Amino acid sequence: MTEIKVLQDILSANDRIADRNRRLLDEKGVFAVNLMASPGAGKTSLLLETIDRLKGKLGIAVIEADIASSLDADRIGSEGITTIQINTGGDCHVDANMLNNALESMALEGIDLLILENVGNLVCPAEFKLGVDRSVMISSVPEGDDKPYKYPLMFSIANAVLINKTDLVPYVEFDFRNFSRGVGVVNPKAALIQISCKTGEGIDDWVSWLLGEMGK
Ligand code: MG
Ligand code: ZN
């Protein structure tokens, strides 16, 4: 019981900071997206594809969260996009305070779209409210069609579920109907978008969903 109480206290402290993030983002007119997925599902690849299509049209900034290294931040930074690195120091998720520190250290003026690449993990990133506008998750074909059944919390909080690596469908067992049924059970309102960062399939659908959510 005590453990549950401690977790509740941590989460309610987190929620207060998430509200602060919300106000800061509103004040600066920034639309923020929390991008979540398991390691290797294609978060950084999706970011690169997204930046490729929106660079020059929108002010974009990226926050890269990793347990260690700045490999992804270096890749995004080489696109000429404002990139902030968070090393979570071993934590397997970003909490509202980590995001707050990053936001406080950035020049948010002129930024229309801020994407946080969360730590690769399908579990606890879903438990920490951050104060962002939208939560987006990527699930990839090689991970299997059972993921919505195994990680219902993550799927239930996502405004959009992207299924990446559709180019691999001929080579692996993946039943799209089973996958989408699973998403429908936990989160019938989620947008379900099939993409391949390799072939470019569906990337335009994702970008138009995103722009629609931004009211652009
Ligand atoms: Mg990455
Ligand atoms: Zn964690």
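To be clear, the structure that these remarks concern was listed above.
Worth saying up front: this structure is predicted, and the values here are computed from it rather than measured.

**Q** Explain the side chain of histidine 93 here, please?
**A** Within the secondary structure, histidine 93 is located in the loop between strand E3 (82–87) and helix H4 (96–104). Beyond its immediate stretch of four places on either side in the chain, histidine 93 contacts Thr88, Met98, Asn118, Val119, Cys124, Pro125 and Phe128.

**Q** Explain empty space enclosed by the protein to me, please; I cannot follow it from the model alone.
**A** In this approach a probe as big as a water molecule rolls over the atoms, and the regions it shows empty are the leftover space. This structure, assessed with the given rule, holds one cavity of 30 Å³ or more. Taken as a whole, the largest cavity spans an internal volume of roughly 30 Å³. Val33, Leu35, Leu46, Leu47, Thr50, Ile115 and Trp206 together form the lining of the largest cavity. At the level of secondary structure, the elements contributing two or more residues to the lining of the largest cavity comprise strand E1 (31–37) and helix H2 (43–54). Counting residues per element, the lining of the largest cavity draws most heavily on H2, at three residues.

**Q** Honestly, the sheet that holds strand E6 (residues 160–164) in this entry has me stumped. Any pointers?
**A** Think of a sheet as strands paired side by side through backbone hydrogen bonds, with each pair either parallel or antiparallel. The strand order across the open sheet built from seven strands is E3-E2-E4-E1-E5-E6-E7, with neighbouring strands paired in parallel fashion. Across the chains shown, the open sheet's two edge strands, defined by having one partner strand only, are E3 and strand E7 (191–194). When strand polarity is set aside, the average angle formed by the axes of neighbouring strands in this sheet is 20°. Pairing of E1 with strand E4 (residues 113–117) involves five bridges; the strand directions are parallel. Each residue of the ladder has a partner; that of valine 33, found in E4, is isoleucine 115. Along the sheet, helix H7 (residues 176–186) contacts strand E5 (134–140), E6 and E7; its crossing angle with E7, the most-contacted strand, is approximately 155°.

**Q** Explain the packing of aromatic side chains to me, please; I cannot follow it from the model alone.
**A** Aromatic rings in a pair are described by how distant their centres are and how their planes are angled relative to each other. Throughout the structure, instances matching the rule amount to three aromatic pairs. With a centroid separation of 5.9 Å and 75° between ring planes, the pair formed by phenylalanine 155 and phenylalanine 179 is classed as edge-to-face. Here phenylalanine 179 lies in helix H7 and phenylalanine 155 lies in helix H6 (residues 152–157), a separation of 24 residues in the sequence. This pair shows no difference in class: phenylalanine 155 is buried, exactly as phenylalanine 179 is. With centroids separated by 5.9 Å and ring planes inclined at 20°, the aromatic side chains of tryptophan 206 and tryptophan 209 adopt a geometry described as stacked. Separated by three residues within a single helix, tryptophan 206 and tryptophan 209 lie in helix H8 (residues 203–214), roughly one turn from each other. Among the aromatic side chains, those forming a connected cluster through ring pairs are Phe155, Phe174 and Phe179.

**Q** Before we go on, may I ask you to explain the coordination of the magnesium ion (ligand 1) in this structure?
**A** Where a metal carries four tetrahedral donors, each ideal angle is 109.5 degrees; where it carries six octahedral donors, the ideal angles are 90 or 180 degrees. Ligation of the magnesium ion (ligand 1) by protein atoms is provided by Thr44 (OG1), Asp72 (OD) and Glu117 (OE), these donors lying 2.1 Å from the ion. Sequence spacing among the residues donating to the magnesium ion (ligand 1) works out to T-x27-D-x44-E. Here the residue aspartate 72 occupies a position in helix H3 (residues 71–77), and glutamate 117 occupies one in strand E4, the gap between them amounting to 45 residues. Each of the two residues, aspartate 72 as well as glutamate 117, counts as buried.

**Q** I tried to follow the nonpolar core on my own but got confused; where do I start?
**A** Note on soluble globular proteins: their nonpolar side chains tend to be buried together. Counting 31 residues, the largest nonpolar core has Leu46, Leu113, Leu162, Trp206 and Leu210 as its most contacted members. Elements represented by at least two residues in this core include exactly E1, H2, strand E2 (60–66), E4, E5, E6, E7 and H8. With six residues, H8 is the largest single contributor of residues to this core. Leu25, Ile86, Val94 and Val119 belong to the second-largest nonpolar core, a separate cluster that totals 22 residues.

**Q** Help me understand the layout of surface pockets in this model?
**A** Here the largest pocket defines a volume of roughly 190 Å³. Considering the residues around the largest pocket, the lining is formed by 15 residues, among which Pro39, Gly40, Lys43, Asp72 and Glu117 are closest to the centre. For the lining of the largest pocket, the secondary-structure elements that each account for two or more residues are H2 and E2. Residues belonging to the lining of the largest pocket are distributed by class as follows: five nonpolar, five polar and five charged.

**Q** Can you help me understand the pairing of E2 in this one?
**A** For a regular strand, side-chain orientation follows a simple rule: the groups alternate between the two sheet faces. E2 sits mainly inside the fold: seven of its seven residues count as buried. Both faces of E2 are covered, namely the face carrying Ile60, Val62, Glu64 and Asp66 and the face carrying Ala61, Ile63 and Ala65. The pairing of E2 with E4 spans five bridges and is parallel. For isoleucine 63, the partnering residue across the bridge sits in E4 and is leucine 116. Assessed by its sense of winding, the connection that carries the chain from E2 through H3 to E3 is right-handed.

Quick notes on the rules
- Residues numbered from 1 in each chain as written.
- Chains lettered and ligands numbered in written order.
- Predicted model: local features only at pLDDT ≥ 70, side-chain atom pairs only at ≥ 80, totals over all residues.
- Heavy atoms only, no water.
- Helix = DSSP H or I, 4+ residues; strand = E, 2+ residues; numbered from the N terminus.
- Contact = heavy atoms within 4.5 Å.
- 1 Å grid on protein atoms, 1.4 Å probe; cavity = no way out; pocket = protein on both sides within 12 Å on 5 of 7 lines; lining within 4 Å.
- Points joined across faces, edges and corners; volume = space filled by probe spheres on them.
- Pairing = 2+ DSSP bridges.
- Axes fitted to C-alpha atoms, helices over the stretch in contact; angles between N-to-C directions.
- Phe/Tyr/Trp six-rings, centres within 6.5 Å; stacked < 30°, edge-to-face > 60°.
- Buried < 20%, exposed > 50% of the residue type's maximum accessible area, 1.4 Å probe, protein only.
- Donors = N, O, S within 2.8 Å, 3.2 Å for Na, K, Ca; no water.
- Core = buried A, V, L, I, M, F, W, Y, C linked by side-chain atoms within 4.5 Å.
- Nonpolar A, V, L, I, M, F, W, Y, C, P; charged D, E, K, R; others polar.
- Right-handed = clockwise from strand over helix to strand, strands pointing away.

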